[in-house]
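Structural features, examined
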Number of protein chains: 2
Amino acid sequence: MAKNKVGTKLEQAYEDLKAEVRNGHDSAAMTQIITDLYAESLAYLAGFKSVQLDSKVAGKNYIAHDNGKRISRAINVGLYVPDLAQWKALSALLTPGANLNGKTDAATITRVLYSMAISFCAAIDLLKNGDQKTPGTYFEHFIASFFAWRVGVRPTNSIQVLSLDEENTKLPTDFIFDLGKNAQKFHMPIKTSTRERAIMLWAHQRLLDGVFGTDRFMGTPVLLAETKTDSKKRDVMEICLPEQWRLYQLYIAKLKRVYYLDMPAAYEKLGRNFPPLVVKPFGEFFFEWDALTQG
Amino acid sequence: MAKNKVGTKLEQAYEDLKAEVRNGHDSAAMTQIITDLYAESLAYLAGFKSVQLDSKVAGKNYIAHDNGKRISRAINVGLYVPDLAQWKALSALLTPGANLNGKTDAATITRVLYSMAISFCAAIDLLKNGDQKTPGTYFEHFIASFFAWRVGVRPTNSIQVLSLDEENTKLPTDFIFDLGKNAQKFHMPIKTSTRERAIMLWAHQRLLDGVFGTDRFMGTPVLLAETKTDSKKRDVMEICLPEQWRLYQLYIAKLKRVYYLDMPAAYEKLGRNFPPLVVKPFGEFFFEWDALTQG
């Protein structure tokens, strides 16, 4: 059952996603595609048994799905509510400019979005051996669509750079959300994990600070998780480097926030140390985004 | 013939390499292991036919080896001299503190070292499907051993960082060659390619500049090649981003040199533009290393 009718429908929904992002990340069609992707991911995973992983992460319990040939990435049981109805309830609240206070909360948003993202990534792990690109691309567009809805602006992926000697050049960037004149712009790298590449988040921020001036862009990366699953031992650990992140925040650039769907406990304390680096569950963004833009 | 007696001997030589680096990169045993790795790589590759690739790189001609199931990475024919005798002749010159002027030249060193490195990497491509780690680890130690011989100092991989509030922490780094008090130290990341991760070279340099002061460490990364081989189309291209490198050199940190074994033509002009970024074949390092340390 490596690839079946459900698998094909999942791949089709992914192709639809890639096509629709050309029309911006905030269309009604986009919401429908994201819903389809979730439904097809759950249908696909339902065909396989789930297995308990040996969690090396204090306070977190992980499972994976098993297709007999390999297992999927780890799924945090405490965050996982594979229930389409909860997404539909949340989705109904996400009308343009809606104020979510009192209607839902950050923990619920984090749980629902985590369940959607990890379902798709786990399904692709089983459907396509060793494919890292599909989950990465999906996750970028998935998160960008929520961000675009919340700030009411579509993202861009490159920016004009002034050059004295040569023609002006376009610098490819992670997602940029330009809230308009005199407002800080969001610089939002979106990755399924950082591992030993985390320094790139700060380096890209430094580049924007250098070209456009400090604080013109606000760095707010969004990450899925830092889990590493060993498919032979069937255990899962989190790879976290808080001391290195502290040095990056001190010596390379300042990130305003780092958001996670499956937040590693090791990064919580960074917000209380110097230099402050506030790492939070992504659900909180939906309630603090306009405070962020006010400095 | 996916794995045979020659393949096993190649894997054993690689295990010997990883064991020997614990005794420093400059031992006589290390030279013998590097020689064995080359001999076993050539013996292994001799069991497979070579195929012509469709080169998309102007002025360069590439082949690959084909084991019937997959092809190896691309090999630049203009640099490839798979001849153990040439390495033995070069190796005989590399006595402690030797002056190489008039005895060999930069182009010869680049060719011999390229042939050794690409032979091992191509052999592993065929021996182990999708293994990027083995070629990467090999290449690091391979280059570090020549560097250690040339500067007469063994490398370290971490450095003590002063912290005001907490205990001092060790920062893991790429290879650092400390030439002693009042001398600049070499900061040498060694990678088989950079692709979209090149910004990490500048970010790590920025971190060292920030912690220890500008110019205390001299950034001199060594890279194998920037080729990307498409195994289905059997073509090869180089992925180069000179305009982005220019921005990194302007806004993140200054690298003193970038060395390549298979030097991309697209990076040559960076040495003549502002800010100067000198990208050279690695063989030239052997003749300019002491001039570099004099600023």
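Below: a short report on this structure. (Residues numbered from 1 in each chain as written. Chains lettered and ligands numbered in written order. Predicted model: local features only at pLDDT ≥ 70, side-chain atom pairs only at ≥ 80, totals over all residues. Heavy atoms only, no water.)

**A look at the overall build of chain A**
In terms of helices and strands, chain A carries eight helices and 14 strands. Taking 2.2 N^0.38 as the reference for a compact globule, 295 residues should give roughly 19 Å; the C-alpha atoms of chain A span a radius of gyration of 19 Å, in line with that estimate. For chain A, buried positions account for 57% of its 295 residues. If you take every contact in chain A between residues at least 6 apart in sequence, the share linking residues at least 24 apart comes to 67%. Looking at chain A as shown, the accessible area adds up to about 12,700 Å², and 50% of this sits on carbon and sulfur atoms. With 37 positive and 32 negative side-chain charges, chain A shows a spacing of 2 Å between the two charge centroids. (Helix = DSSP H or I, 4+ residues; strand = E, 2+ residues; numbered from the N terminus. Rg over C-alpha atoms; globule rule 2.2 N^0.38 Å. Buried < 20%, exposed > 50% of the residue type's maximum accessible area, 1.4 Å probe, protein only. Contact = heavy atoms within 4.5 Å. Areas by Shrake-Rupley, 256 points an atom, 1.4 Å probe, with all protein chains shown as cover. Lys, Arg positive; Asp, Glu negative; His and termini not counted. Charge placed at Lys NZ, Arg CZ, Asp CG, Glu CD.)

**As for the pairing of strand E12 (residues 235-238) of chain A**
Residues and elements named next belong to chain A. Pairing of strand E2 (residues 54-55) with E12, which is carried by two bridges, proceeds in the parallel orientation. The residue of E12 that forms the bridge with Ser55 is Val236. In textbook terms, the turn of a hairpin is the stretch between consecutive antiparallel strands, and for strand E11 (residues 227-230) and E12 this stretch comprises four residues, one of which, Arg234, has a positive phi near 55 degrees. (Pairing = 2+ DSSP bridges.)

**Structural notes on the state of the cysteines**
A disulfide bridge is the covalent bond that connects two cysteines by way of their sulfur atoms. In total, this model carries zero disulfides over all chains according to the counting rule given. Lacking any disulfide linkage, Cys121 of chain B is separated from the closest cysteine sulfur, that of Cys240 of chain B, by 18 Å. (Disulfide = S-S within 2.5 Å.)

**As for the environment of Phe287 of chain B**
Residues and elements named next belong to chain B. Here Phe287 is to be found in helix H8 (residues 285-292). On the accessibility criterion, Phe287 (27% relative accessible area) is partly exposed. In the structure, Phe287 is positioned 31 residues away from Lys256 in sequence and 15 Å away in space, judged by C-alpha atoms. What Phe287 contacts, discounting residues up to four positions off in sequence, is Leu100, Asn101, Thr104, Asp105, Ala106 and Ile109.

**Regarding empty space enclosed by the protein**
Residue and element names in this part refer to chain B. Tallied over the full model, the rule gives one cavity of 30 Å³ or more. Around the largest cavity, the lining residues are Leu171, Pro172, Thr173, Asp174, His187, His204, Leu207 and Leu208. Listed by contribution, the elements that provide at least two residues to the lining of the largest cavity are strand E6 (169-177) and helix H6 (199-212). When residues of the lining of the largest cavity are assigned to their parent elements, the largest contribution, four residues, is made by E6. Residue composition of the lining of the largest cavity, grouped by class: four nonpolar, three polar and one charged. (1 Å grid on protein atoms, 1.4 Å probe; cavity = no way out; pocket = protein on both sides within 12 Å on 5 of 7 lines; lining within 4 Å. Points joined across faces, edges and corners; volume = space filled by probe spheres on them. Nonpolar A, V, L, I, M, F, W, Y, C, P; charged D, E, K, R; others polar.)

**A few points about the relation of the copies chain A and chain B**
The operation relating chain A to chain B is a screw motion whose rotation component is 180 degrees, with 0.0 Å of axial translation and a residual RMSD of 0.0 Å. The relationship between the two copies is best expressed as a two-fold rotation axis. A share of 100% of interface residues in chain A that are also interface residues in chain B marks the association as one of identical surfaces. (Least-squares fit on C-alpha atoms with pLDDT ≥ 70 in both.)

**Notes on the sheet that holds strand E4 (residues 75-76) of chain B**
The strands that make up a sheet pair up through hydrogen bonds in the backbone, lying either parallel or antiparallel. Residue and element names in this part refer to chain B. Strand order in the open sheet formed by three strands is E1-E3-E4, with antiparallel pairing between adjacent strands. Every other strand in the sheet has two partners, leaving strand E1 (49-52) and E4 as the edge strands with one partner each. Of the pairings in the sheet, the one linking strand E3 (residues 62-66) to E4 comprises two bridges and is antiparallel in character. Bridged to Tyr62 within E4 is Asn76.

**Description of the interface of chain A and chain B**
At the junction of the two partners, chain A supplies 26 residues and chain B supplies 26 residues. Between chain A and chain B lies a buried interface of about 2,300 Å² when both sides are counted; carbon and sulfur atoms form 65% of it. Between chain A and chain B we count two residue pairs in polar contact (both at pLDDT 80 or more) in total. Taken together, the elements giving at least two residues each to the side of chain A that touches chain B come down to strand E6 (169-177), helix H6 (199-212) and helix H7 (242-251) of chain A. Looking at which element gives the most residues to the side of chain A that touches chain B, the answer is H6 of chain A, with eight residues. Split into classes, the residues belonging to the side of chain A that touches chain B amount to 13 nonpolar, six polar and seven charged. (Buried area = accessible area lost by both parts, 1.4 Å probe. Polar contact = N/O pair within 3.5 Å; in protein donor to acceptor, adjacent residues only side chain to side chain.)

**A word on the side chain of Asp66 of chain B**
Residue and element names in this part refer to chain B. Its location among the elements puts Asp66 in strand E3. Polar side-chain contacts of Asp66 include one of 2.7 Å to the backbone nitrogen of Gly68. If we ignore the near neighbours within four places in the chain, the residues touching Asp66 are Phe48, Lys49, Val51, Ile71, Leu126 and Arg234.

**What to know about the environment of Gly219 of chain A**
With respect to the element layout, Gly219 of chain A can be found in strand E9 (residues 217-219). Not counting residues within four places of it along the chain, the set of residues in contact with Gly219 of chain A comprises His187, Gln205, Leu255, Lys256 and Arg257 of chain A.

**Considerations on the pattern of salt bridges**
The tally for this structure, following the rule as stated, stands at 32 salt bridges over all chains. Two residues, Glu15 of chain A and Lys18 of chain A, come together in a salt bridge whose shortest N-O distance is 3.6 Å. Remark: Lys18 of chain A and Glu15 of chain A occur in helix H1 (residues 5-20); sequence separation between them is three residues, near one turn of the helix. The partly exposed category is assigned to Glu15 of chain A, whose relative accessible area is 40%. Judged by relative accessible area, which is 30%, Lys18 of chain A ranks as partly exposed. Across the salt bridge formed by Glu11 of chain B and Lys128 of chain B, the nearest N and O atoms sit 3.5 Å from each other. You can see Glu11 of chain B sitting in helix H1 (residues 5-20) and its partner Lys128 of chain B sitting in the loop between helix H4 (106-127) and helix H5 (133-151), a full 117 residues away along the chain. Assessed through its relative accessible area of 18%, Glu11 of chain B is described here as buried. Overall, Lys128 of chain B belongs to the partly exposed group, its relative accessible area being 29%. (Salt bridge = Lys/Arg side-chain N within 4 Å of Asp/Glu carboxyl O.)

**Comments concerning the sheet that holds strand E5 (residues 156-161) of chain B**
Residues and elements named next belong to chain B. Strand order in the open sheet formed by four strands is E5-E6-E7-E9, and the pairing between neighbours is mixed. Strands with a single pairing partner mark the edges of an open sheet, and in this sheet they are E5 and strand E9 (217-219). Across the sheet, the mean angle from the axis of one strand to that of its neighbour is 55 degrees, orientation sign disregarded. Relative to E6, E5 is paired through five bridges, and the arrangement is antiparallel. Each bridged residue has a counterpart across the sheet, and for Ile159 the counterpart in E6 is Leu171. Along the sheet, H6 makes contact with E5, E6, strand E7 (185-188) and E9, crossing E9 at roughly 170 degrees. (Axes fitted to C-alpha atoms, helices over the stretch in contact; angles between N-to-C directions.)

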